[in-house]
Amino acid sequence: MGKVVLVTGVARHLGARFAARLAGRPGIDRVVGVDSREPWGGMTADGVEYVRVDLRRPAVARVIAEYDVDTVVHLDVSAGVRGGRAAAKETNVIGSMQLLGACQKAPGLRRLVVKSTTAVYGSAPRDPAVFGERMPPKALPRSGFGQDATEVEGYVRGFARRRPDVAVTVLRFANIVGPAGDTPLCDYFALPVLPTVLGRDPRLQFVHEDDAVALLHLAATEPRPGTYNVAGDGVLLLSQCARRLGRPTVPLLGPALGVAAGLARRTGLADISPEQIQLLSHGRVVDTTQLREGFGWSPTMTTSQAFADFAAAQTGGLLPPERLAAATDRLAGLLTRQNPPRS
């Protein structure tokens, strides 16, 4: 018999793309996409049966039973959720709890794939140079998406202990980018001027959305239990990202950056959270050896190539290097005159 796959989070770009790729593939009988909103871009691919379900409600158990689902791919754990921080936490954490409770009661379930994030490692000044899957963070994330994902992973481990007959795969993705990037960090990079932390140039990793979809497809169709870091090879400094986008940067002290982040949130330009400011201060790099050797897969694009494809789709930047340097100097001069050093 073929698989019946339930995909959560199909209202977002990644979920819609993944569900569309899965539909009609050999060995897949049905793909059921669930979300509380209409699919991304109104996309409903042939072979994907969309069911409007709020994961925070018990109705998802009825869907799993009605369609006799044997594989669940949980993508509805995200940094960018409409409705503010409270709504995001409810969707990420309460929604995951309800889903896992429904999975617990599904005797036919055989596979669970959960999209997580490298944000579970946090971003702190004393972090190791590279995080492995078994390395605990120096300081647990105290807010935001990282805290949500940490809680969700805890519930998933509990589920795995109660249902050892289910193959559970947790994929900790680095920042996902691509031409249609719809994450808070992509929104930050779309700003005409990038506020940065004075004296910091953090290391960042990226994974291309095409690679993310390919990996999710493999995890959903073949049993690869375990927890895996997912990132393209190599790293980029934040300053390198800015230059490739052709955007000037304005280095700010912590309080000033907090004010700039609040302004960006109020105007709807970008959701620069305290968690993201930590990332822009200290960066984060993970080891992907387990993905290559344990899972048996590697991204086709490096961190640099993934970001280049994202940058090529952006508009409003691409200043020549000499003009970029001049613009940055002018902005820094204006900032200094507005905030003169105290004697």
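Look above for the structure.
Residues numbered from 1 in each chain as written. Predicted model: local features only at pLDDT ≥ 70, side-chain atom pairs only at ≥ 80, totals over all residues. Heavy atoms only, no water.

The next subject is the pairing of strand β4 (residues 71–74). Neither face of β4 is exposed, since Thr-71 and Val-73 on one face and Val-72 and His-74 on the opposite face are all buried. Pairing geometry for strand β1 (residues 3–8) and β4, over four bridges, is parallel. Residue Val-7 lies in a different strand from β4, and its bridge partner there is Val-73. Note that β4 and strand β5 (residues 111–117) share four bridges and pair parallel. The residue bridging His-74 from the neighbouring strand is Val-114, located in β5. (Buried < 20%, exposed > 50% of the residue type's maximum accessible area, 1.4 Å probe, protein only. Helix = DSSP H or I, 4+ residues; strand = E, 2+ residues; numbered from the N terminus. Pairing = 2+ DSSP bridges.)

Another aspect to go through is the nonpolar core. Leu-171, Phe-173 and Leu-216 are the most contacted members of the largest nonpolar core, which has 31 residues in total. At the level of secondary structure, the elements contributing two or more residues to this core comprise β1, α1 (13–22), β2 (28–35), β6 (167–173), α6 (209–221), β11 (226–230) and α10 (289–295). When residues of this core are assigned to their parent elements, the largest contribution, eight residues, is made by α6. Contacts of Leu-216, omitting those with residues within four sequence positions, involve Leu-14, Phe-18, Val-73, Leu-75, Val-113, Leu-171 and Phe-173. (Core = buried A, V, L, I, M, F, W, Y, C linked by side-chain atoms within 4.5 Å. Contact = heavy atoms within 4.5 Å.)

As a further point, take the environment of Phe-173. For Phe-173, the location among the structural elements is in strand β6. For Phe-173, a relative accessible area of 2% corresponds to the buried category. Note: C-alpha distance between Phe-173 and Lys-115 (58 residues apart in sequence) is 7.3 Å. With residues up to four places along the chain from it excluded, the contact list for Phe-173 reads Lys-115, Ser-116, Thr-117, Thr-118, Val-207, Ala-212, Leu-215, Leu-216 and Val-230.

Geometric descriptors of this kind do not, in isolation, establish any biological role.
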